[in-house]
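Listed below, chain by chain, are the residues.
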Amino acid sequence: MNIAEYSIKHKVISWLFFTILTLGGISAFNGLGRLEDPAFTLKDALIVSTYPGATPQEVEEELTYPLEREIRQLPYIDNITSISSNGMSQLKVSMKSIYGPEILPQIWDEMRRKINDVKPTLPSGVSSMQILDDFGDVFGIMIMITGDGFDPVELKRYADQLRRELELVDGVGKVSIAGDQQEQLFVEVSLERLASLNLDISAITGLLSQQNSVQQSGQVMVNGQTLVIRPSGTMSSVEEVENLIIHGRDTGNLIRLKDVARVFRGIAERPSNVVTFNGSQAISLGISFIPGVNVVEIGAHIEKEFETLQSIKPAGVALNYFYNQAAEVDQSVHDFVISLAEAVVIVIVVLLFAMGLRSGIIIGTVLLLTVFGTFMLMSYSGIELHRISLGALIIALGMLVDNAIVVVEGILVGLKKGRSTLQASVDIVKQTQWPLLGATVIAIAAFAPIGLSEDATGEFMGSLFWVLCYSLFLSWITALTLTPFLANLLLKQELTSEVQDEDVYQGALFVAFGGMLKFALRFRWLTIASMFALLVLAVIGFGNVKQSFFPPSNTPMFHVDMWMPQGTDIQQTIEKNSEVEAYLGKLDHVEFVATSVGRGMQRFMLTYQPEQSYAAFSQLTVRADSRENMFAMLDDLENKLNKQFSQPTFRLRVMEFGPTPASKIEARISGSDPDVLRGIARQIEDVFYADAGARNIRHDWRERTKELVPQFNESKARRLGISKQDLSDTLQMAFGGSTIGILRDGTHMLPVLARLPEQERVDFASVENLRIWSPSLQTYIPVEQVIDGVALEWNEPLILRRDRKRTLTVMADHDVLGDETAATLFARLRPKVEALPLPEGYELTWGGEYESTNDAQGAMFKSLPLGALVMFIITVFLFNSVRQPLVIWLTVPFAIIGVSVGLLSTGMPFSFTALLGLLSLSGMILKNGIVLMDQINIELDSGKDAYQAVFESAISRVRPVSMAAMTTILGMIPLMFDAFFGSMAITIMAGLGFATILTLVLVPVLFALFYKVKPVTN
């Protein structure tokens, strides 16, 4: 008893299987997590260290280099990039893509230990070090908190209240705040007043620091109890600081701090990051989710929590959504479910017309049950509903009916020959079950390079493989069990008891195809030569197909990166940012404009790369009301923005689906001498500028900046008892302010900043008016007595390194609004750049989209040979032959003919998703070829002449192969209009359309050639 007979005779078990798939699938679908993109681990950590007063070169040599050297010893490292700037080192450590979320926490701990080991050897001036291994956290919901009349400190307090409450919502992982301003306690000490009292400012700063320090004061035992001794005097308010008593040196009188200084609270004058929303200063509140949750449900819970918290919201404060992943996911999943439903309906309608009502109902029902079963397996394995998994289901739809079509076709033929439904079902299942299994495994193996790829792109697209694996394997099971069961219920035995084989295939389609096949078999060498000629033309034509990595996102948001000249004060950047923001806000079709000055936004999308800290940088994010209006707006801005604002440079960027490099084209020059690096960079920039298609040309070392260097006279200073540190402290007090302690206000700790009053804060042109305390003379003297003038010098503001080598990167982008892709522009620029002579010791490497594409394809092609070998071995096992598998495999390369025609005619680029489509196409071709080859063997085993067996096998496979192709092709129609899957859909549709002819014509012709089959002569 084979499985078909068992399914038909055991109706209760079949109905149970039917019910489990239906109810279980619906239940699983409703319980599946919903995400915008698949869960993905960013394998980067950021190490930010401060070294106040150090030059970029000192930071590089004394801080960055030791950290790089120590971290590089870890075996997990892929690359280390660093930025050394004035007083700051920023290291970005990227781990190899083979390490997943399970092992990364252990790697980060090991890296921390390495850093802790090197800390004692670093300079004593290194004041702080942050290790951000959660740098890759995605805050799917980002809210901008604004309020008219509210200062940043008040907004921050409200944001803190919200954070405490939101962290308690189920499904919320982390709540982060950005754009908040550091509140400080300013102590403006008057040097004139101090001089009149003959007081040293260092005595005041020392007293403030000591007065508020937390010190252990001992403990005493009284009557057997231990009592802690804790003196009073700790200051926690402005009034207490003002009333701090200072002892006068000459008079012996006691004076208070407020007699010589003004004490008040305020925010830092040079913030590191400022966020605005529609022109109002804002606090950014980012909310991330724990893995595996339904983002739509958690979004609803957060909305409900906001309603509950209305009572604590101050009047005038507004909560504005910058990005709401819950709403985006809801819309995205809704659109994809509609596309899935459309594809199912298209497939079923095609089957109804092509195979009749009852056959169409059987195959359509089996298709739905297979999809439901796939939802159950997705739920079991923790795969959420998102762009990739739903796209995989649509891709699989056409293939899911292939097995059922073969079985139903066999049953129909058996019925026409007079067999009962049971007999016909048993015969066709017995005949095809193992070939269909082999063909299904091969179709699954075609996607194996995606699932087995160790690259980041492989992790991003991995669910595509698993969903296809589950659905295709399940389609084989349902074809052998539920298809015969339903056929027994719905299909009736034909009245005619004996029908000849040739009478079964008398339709117009079969007659027309038969004539074409006879011609191809008769002129087989002409057929092969024609196919090879088409293949050569297709390969040549493929060279004209546009190449790309990942397409722009559906979300109608774009970024305007604004760069002021390097060295610009952040206050000047803020001022210019306000002007540009106001200009963008007045444009038509703009929903909002949000900006972040000093660095990028919090990571609100998986593919968004936040810019690191630069005072001269601002990013303006604009949301349009539609994708079409967004591109029209970009076109307008590209022409007008630079004309409207002359000083800053702008870079317009659209959001993309996949991993996004900093720039599309990156030429990296490595070497030791900054002057030589800049010289080579100028030559590369000249090449880029000479090409009209290049945009946003720049390099990451930016412009050199000026610095003022007071010439310290050591001999004069020593006689006055003044050290270089005394001079530095005095200058810092005058031109910045010195942090001298902390004021504790509940849970808030305010830095205490000592500086001169505004009227005494001089510009550097009148530095001679500045006075410094002389311990030898016990009085203040002019600073000019210890310096021999002030020199103006140029320096490198940024020193960037990659893998411990100084590396300058020249960057450019293609025109995002034009037809040309980045790969096309790169192909033109690359030979010209590589033709430039490089000095000895300097090397050129390429980054950008070229590197990302090569990494992704390299990781995928690494597993491709193994997948291809497994597929070939399966075909050898199926046929116990080498020649027959070769016949099938030789048809695969010819699919490029249809792919080239499809992509060239539609203008679609060959993207990474199109490459996946091409791999899947090979599996579809092999699957159809296996079914046809198996039929040829069956006909030969029945004793027929070889030519007749080949001819009749091809005729008998016309309907199942063409129906399978048609359902796949038409099922792809909803994906044609999707930005992400469009090129993949065209690749599969055009390739499979031509591959159907390949299978039905080229396989018989090649078989006839390999086995020297001659036409029968009557």
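Residues numbered from 1 in each chain as written. Predicted model: local features only at pLDDT ≥ 70, side-chain atom pairs only at ≥ 80, totals over all residues. Heavy atoms only, no water.

Another point: the environment of Leu285. Tracing the sequence through the fold places Leu285 in strand 14 (residues 280-289). Remark: the alpha-carbon pair of Leu285 and Ser548, spanning 263 residues in sequence, is separated by 35 Å. The contact partners of Leu285, leaving out residues within four places of it in the chain, are Ile141, Met142, Ile143, Ile145, Ala159, Leu162, Leu166, Val175, Ser176, Ile177 and Gln602. (Helix = DSSP H or I, 4+ residues; strand = E, 2+ residues; numbered from the N terminus. Contact = heavy atoms within 4.5 Å.)

Packing of helix 13 (residues 402-416) against helix 32 (residues 958-971) leaves a shortest axis separation of 9 Å and a crossing angle of 150°. Classed by the angle they form, the pair helix 13 and helix 32 counts as roughly antiparallel. The way helix 13 lies across helix 32 gives a crossing that is right-handed. Each of Asp402, Ile405, Val406, Glu409 and Leu412 in helix 13 lies in contact with helix 32, whose residues at this interface are Arg959, Pro960, Met963 and Ala964. Looking at side-chain class alone, the contact of helix 13 with helix 32 contains 6 nonpolar, no polar and 3 charged residues. (Axes fitted to C-alpha atoms, helices over the stretch in contact; angles between N-to-C directions. Parallel < 35°, antiparallel > 145°, perpendicular 65-115°, else oblique. Left-handed = near helix turned anticlockwise from the far one by under 90°. Nonpolar A, V, L, I, M, F, W, Y, C, P; charged D, E, K, R; others polar.)

Take the sheet that holds strand 7 (residues 183-189) next. Sheet architecture is open: 4 strands sit in the order 12-7-24-23, paired in mixed fashion. Here the strands that pair on one side only, and so sit at the sheet edges, are strand 12 (261-267) and strand 23 (738-745). Neighbour to neighbour, the strand axes of the sheet diverge by 25° on average, direction disregarded. Bridge count for strand 7 against strand 24 (residues 748-755) is 4 bridges, and the pairing is parallel. Within strand 24, the position partnered with Glu188 by the bridge is Arg755. (Pairing = 2+ DSSP bridges.)

With that settled, consider the domain arrangement of the chain. Assigned domains of the chain: these are domain 1 (200-259 + 705-795) and domain 2 (508-544 + 881-1017). For domain 1 versus domain 2, the distance between C-alpha centres works out to 84 Å. (Domains from an automatic or database assignment.)

Note on placement: Leu915 falls in helix 30 (residues 912-941). Its relative accessible area of 6% is what places Leu915 among the buried residues. (Buried < 20%, exposed > 50% of the residue type's maximum accessible area, 1.4 Å probe, protein only.)

What follows concerns the pairing of strand 7. Extensive coverage of strand 7 is indicated by the burial of 7 of its 7 residues. The alternating pattern of strand 7 places Glu183, Leu185, Val187 and Val189 on one face and Gln184, Phe186 and Glu188 on the opposite face, and all of these are buried. The pairing of strand 7 with strand 12 spans 7 bridges and is antiparallel. Across the sheet, the residue bridging to Phe186 is Phe264, located in strand 12.

Residues Ile145, Ile302, Phe375, Ile395, Met461 and Leu464 are the most contacted members of the largest nonpolar core, which totals 179 residues. Counting residues per element, this core draws most heavily on helix 34 (residues 982-1010), at 18 residues. The contact partners of Ile302, leaving out residues within four places of it in the chain, are Ile141, Leu166, Val169, Val172, Ile287 and Phe289. Leu185, Ala261, Leu720 and Leu756 belong to the second-largest nonpolar core, a separate cluster that totals 40 residues. (Core = buried A, V, L, I, M, F, W, Y, C linked by side-chain atoms within 4.5 Å.)

On the surface, Leu866, Leu869, Val870, Ile873 and Phe877 cluster together to form a nonpolar patch covering roughly 500 Å² of accessible area. Take Ile873: it is sitting in helix 27 (residues 848-879). (Patch = residues over 30% accessible without salt bridge, like charges linked within 9 Å, V, L, I, M, F, W, Y side chains within 5 Å. Areas by Shrake-Rupley, 256 points an atom, 1.4 Å probe, with all protein chains shown as cover. Salt bridge = Lys/Arg side-chain N within 4 Å of Asp/Glu carboxyl O.)

Bringing the environment of Gln785 into the picture now. The residue Gln785 is located in the loop between strand 26 (779-782) and strand 27 (787-795) in this model. In this structure, Gln785 is in contact with Lys716 and Leu720, ignoring residues within four places of it in sequence.

Helix length check: helix 4 (residues 104-118) (15 residues) gives 21 Å between terminal C-alpha atoms against 21 Å at 1.5 Å per residue, within 8%. Burial in helix 4 covers these residues: Leu104, Ile107, Trp108, Met111, Ile115 and Val118. Down the axis of helix 4, the buried side of the element spans an arc of 100°, and every buried residue falls inside it. Opposite the buried face of helix 4, by more than 90 degrees, sit the exposed residues Gln106 and Asp117. (Expected span 1.5 Å × (residues − 1). Arc of directions from axis to C-beta.)

Turning our eyes to something else, we now look at the pairing of strand 2 (residues 77-85). Burial runs high along strand 2: 7 of the 9 residues are buried. Bridge analysis of strand 2 against strand 3 (residues 88-95) gives 8 bridges, and the strand direction is antiparallel. Note on strand 3: the bridge partner recorded for Ile80 is Val93.

Looking now at the side chain of Ser425. Following the sequence through the fold, Ser425 ends up in helix 14 (residues 421-445). Under the relative-accessibility criterion, Ser425 is labelled buried at 0%. Excluding residues that lie within four positions of it along the chain, Ser425 makes contacts with Ala4, Ile8, Ile411 and Pro484.

Our focus in this paragraph is unusual backbone geometry. Within the chain, Asp803 stands out as a residue other than glycine whose phi angle is a positive 50°. Within the secondary structure, Asp803 is located in the loop between strand 28 (799-802) and strand 29 (805-813). Looking at Asp803, the relative accessible area reads 30%, which means it is partly exposed. Phi is positive for Asn880, close to 50°, though the residue is something other than glycine. For Asn880, the location among the structural elements is in the loop between helix 27 and helix 28 (883-889).

On to the packing of aromatic side chains. All told, the structure shown has 27 aromatic pairs when counted by the stated rule. Considering the side-chain rings of Phe465 and Trp466, the 4.8 Å spacing of their centres and the 70° angle between planes classify their relative orientation as edge-to-face. With a relative accessible area of 8%, Phe465 lands in the buried category. When the ring centre of Phe29 is taken as reference, the NZ or CZ atom of Arg34 above it lies at 5.1 Å. One residue, Arg883, lies across the ring of Tyr1011, its end atom 4.1 Å from the ring centre. (Phe/Tyr/Trp six-rings, centres within 6.5 Å; stacked < 30°, edge-to-face > 60°. Lys NZ or Arg CZ within 6 Å of the ring centre and 35° of its normal.)

Turning our attention to the pattern of salt bridges. A complete count under the given rule lists 42 salt bridges for this structure. The closest approach of N and O atoms between Arg668 and Glu666, which form a salt bridge, is 3.6 Å. Glu666 matches Arg668 in its accessibility class, with the two residues each being buried. Two residues, Glu714 and Arg718, come together in a salt bridge whose shortest N-O distance is 3.5 Å.

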